[in-house]
Amino acid sequence: MQIVGDELQSLALATCNPLNFDLLGRSAFNRYYYATFLITRKTLAIMQSNWKGTAHAEIPNLLENALRKPVSARLKNQIRLGLIDEGDKSRILTNINIAGCELAQLLRHAYHARILADYEPEIPLIKQNDMIMLESYKLTTAKEWPSRAELLCKRLLRNWKEVGLA
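A quick note: this is a predicted structure, and the numbers were derived from the prediction, not measured.

A. Structural detail: unusual backbone geometry. Despite not being glycine, N129 shows a phi value in the positive range, around 55 degrees. In this fold, N129 is placed in the loop between strand 1 (125–128) and strand 2 (131–134). A positive phi is found at E135, a non-glycine position, where the angle reads about 55 degrees. Residue position: E135 is located in the loop between strand 2 and strand 3 (137–138).

As structure tokens, then:
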């Protein structure tokens, strides 16, 4: 998906036709969102198979609320067995919380831009030098969404594996 977004961005910047610029730029925002979403969905499926089918709009809530429960349960058991202490538990839960909340915010932000791009054609795309903007969203920033999601997903998986859930 990201390569498609990159190509659409290049085509949008290269065209002189305002309609083509608008359509290509909007489609690039859309592809960057979907690249971000698919990276997240793949990670959630690794973490817990039934999470793969979570609706787009519900994924941020899952990331903020549902990750703690299985981790907490596993950590309680590990404390009871003497495998970790309260400090380890706190560190792992904090790491899961931070990565989950950051990823949730990224997805909300990207989803909002995608909704504007797809469903609000009356909001114009703006071209400033070699930058495409949709309201306050920059396409150059959207291009970074997938790599940011990848980093946050790796952090989640590392902690998930640390407690023995993957």
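And the narrative resumes.
B. The nonpolar core, seen in detail. Judged by nonpolar contacts, the single largest core of 48 residues is most densely connected at F29, L63, L67, L103 and W145. Elements with a minimum of two residues in this core: helix 1 (2–14), helix 2 (18–47), helix 3 (59–66), helix 4 (68–80), helix 5 (86–119), strand 2, helix 6 (139–142) and helix 7 (145–162). The biggest single contributor to this core is helix 5, with twelve residues. The contact partners of F29, leaving out residues within four places of it in the chain, are A113, A117, L125, I132, L134, Y137, K138, L139, A142 and W145.

C. Local environment of the packing of helix 2 against helix 3. Contact pair helix 2 / helix 3: the axes reach a minimum separation of 12 Å and the direction vectors enclose 45 degrees. Classified by the angle between their axes, helix 2 and helix 3 sit oblique to one another. In this structure, helix 2 meets helix 3 at a crossing whose hand is left-handed. Where helix 2 approaches helix 3, its residues F37, T40 and L44 are matched on the opposing element by I59, L62 and L63. Each residue belonging to the contact of helix 2 with helix 3 can be placed in one class, and the counts come to five nonpolar, one polar and no charged.

D. Examining the sheet that holds strand 2 more closely. One open sheet accounts for three strands, arranged 1-2-3; its pairing is antiparallel. In the strand order of this sheet, the two ends are held by strand 1 and strand 3, each with one partner. By the bridge criterion, four bridges tie strand 1 to strand 2 in an arrangement that is antiparallel. Looking at strand 2, one finds that Q128 is bridged to M131. Lying on the sheet, helix 2 is in contact with strand 1, strand 2 and strand 3; it crosses strand 1 at an angle near 100 degrees.

E. Just the side chain of T36, in detail. When you line up the elements, T36 lands in helix 2. If near-sequence neighbours (up to four positions away) are discounted, T36 is found in contact with L106, L107, W145, P146 and A149.

F. The arrangement of the pattern of salt bridges in detail. Within the structure shown, the criterion is met by six salt bridges. With a closest N to O distance of 2.9 Å, R26 and D22 form a salt bridge. Placement of the pair is R26 and D22 together in helix 2, with a separation of four residues, close to one helical turn. In terms of burial, R26 and D22 fall into one category: buried. Note that R148 is salt-bridged to E102, the shortest N-O span being 2.3 Å. Taken together, the residues span a long stretch of sequence, with R148 in helix 7 and E102 in helix 5 at a distance of 46 residues. Overall, the relative accessible area of 33% leaves R148 in the partly exposed class.

About the cut-offs
Residues numbered from 1 in each chain as written. Predicted model: local features only at pLDDT ≥ 70, side-chain atom pairs only at ≥ 80, totals over all residues. Heavy atoms only, no water. Helix = DSSP H or I, 4+ residues; strand = E, 2+ residues; numbered from the N terminus. Core = buried A, V, L, I, M, F, W, Y, C linked by side-chain atoms within 4.5 Å. Buried < 20%, exposed > 50% of the residue type's maximum accessible area, 1.4 Å probe, protein only. Contact = heavy atoms within 4.5 Å. Axes fitted to C-alpha atoms, helices over the stretch in contact; angles between N-to-C directions. Parallel < 35°, antiparallel > 145°, perpendicular 65-115°, else oblique. Left-handed = near helix turned anticlockwise from the far one by under 90°. Nonpolar A, V, L, I, M, F, W, Y, C, P; charged D, E, K, R; others polar. Pairing = 2+ DSSP bridges. Salt bridge = Lys/Arg side-chain N within 4 Å of Asp/Glu carboxyl O.

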